[in-house]
Amino acid sequence: MVSYCSIVFLLFLCLMVSDAFLFWNRKVDCSVSQWSSWSSPTSAGQQTRIRRIMRYPQNGGQPCPHLSETRDPNSDCTVSPWSTWSANFGFGQQSRVRTVITQPTGTGKQCPVLEEIRYTGTVPSVNVTAKNIQDFFARPNGKAFKNS
């Protein structure tokens, strides 16, 4: 005859094995730590930070993200090339513009002038000035953009 303890033990063992089997094929995503602080700058001014794998992916779980990052804390401002010079406006003026692509960081070089105006000495006629005002400002839809 089987004792009560034997039945309980067998039941406990079955539950443990079935539990392990059920979760054996469970997808487990990668888990990583928080980012570390940025390192001291190298001689080139670069800094790095890392994070560690806390749990590796299993059974097709999400892979681990990148574990290190590098930055240059002293990056310069970068700008687009100059646009073409505009048509004459006002009292013989033309303008051209460029836009900021990347803002400077740290002690990087600040952004240069983004608009230039030059004087051509050629004053446009009243009709040309009126047309420029219409093209750039007096829009029927209320938006102040140049006609395409």
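Refer to the preceding data block for the structure.
For clarity, every value in this text was computed on a predicted model and none was experimentally measured.

Asker: What is the right way to read the overall build of the chain from this model?
Answerer: The secondary structure content of the chain amounts to two helices and eight strands. When its helices and strands are written in sequence order, the chain yields α-β-β-β-β-β-β-β-β-α. Among the 148 residues that make up the chain, the fraction classed as buried is 15%. Taking as baseline every contact in the chain between residues at least 6 positions apart, the subset at least 24 positions apart corresponds to 50%. For the chain, the accessible surface area stands at approximately 11800 Å², while carbon and sulfur atoms represent 60% of it.

Asker: In this structure, what is going on with the pattern of salt bridges? I would like to understand it.
Answerer: Opposite charge on two side chains permits them to pair, given that their charged atoms come into close proximity. Applying the stated criterion to the full structure yields two salt bridges. The salt bridge partner of E116 is R96, with a shortest N-O separation of 2.8 Å. Of this pair, E116 sits in strand β8 (residues 115-119) while R96 sits in strand β6 (residues 93-97), and the two are 20 residues apart along the sequence.

Asker: Would you take a moment to explain the side chain of S80 for this structure?
Answerer: Positionally, S80 belongs in the loop between β5 (78-79) and β6. By relative accessible area, S80 is classed as buried at 17%. With residues near it in sequence (within four places) discarded, S80 still touches R98, T99 and I101.

Asker: How do you make sense of the packing of aromatic side chains when you look at a structure like this?
Answerer: We describe a pair of aromatic rings using the distance from one ring centre to the other and the angle between the two ring planes. All chains considered together, the criterion is met by zero aromatic pairs. Residue placement shows R118 over the ring face of W85; its charged tip is 4.0 Å from the ring centre.

Asker: Honestly, the side chain of S95 in this entry has me stumped. Any pointers?
Answerer: Mapped onto the fold, S95 is located in strand β6. In this structure S95 touches T84, W85, S86, F89, E115, E116 and I117, once residues within four positions along its chain are discounted.

Reading guide: rules and limits
- Residue positions are counted from 1 within each chain, in the order its sequence is given.
- Per-residue local features of the predicted model are confined to residues with pLDDT of at least 70, and side-chain atom pairs are confined, for both listing and counting, to 80 or more; whole-chain, interface and lining totals are unaffected and use all residues.
- The side-chain figures draw on all heavy atoms in the structure; neither hydrogens nor water molecules are used.
- In this text, helices come from DSSP runs of H or I with a minimum length of four residues, and strands from runs of E with a minimum of two, each type numbered from the N-terminal end.
- Type-normalised accessible area, obtained with a 1.4 Å probe on protein chains alone, sets the label of each residue: buried when under 20%, exposed when over 50%, and partly exposed for intermediate values.
- Whether two residues are in contact is decided by their heavy atoms, any of which lying within 4.5 Å being enough.
- The accessible surface values rely on the Shrake-Rupley method and a 1.4 Å probe; as for residues, cover is taken only from the protein chains in view.
- Within this document, salt bridges are pairs made up of a side-chain nitrogen of Lys or Arg and a carboxyl oxygen of Asp or Glu, the two lying within 4 Å of each other.
- Centres within 6.5 Å make a pair out of two Phe, Tyr or Trp rings, where for Trp the six-membered ring is used; the pair is then stacked when the planes are under 30 degrees apart, edge-to-face when over 60, and tilted otherwise.
- In this scheme, Lys NZ or Arg CZ marks a charge over a ring once it lies within 6 Å of the ring centre and within 35 degrees of the ring normal.

What is shown is where atoms sit, not what they do.
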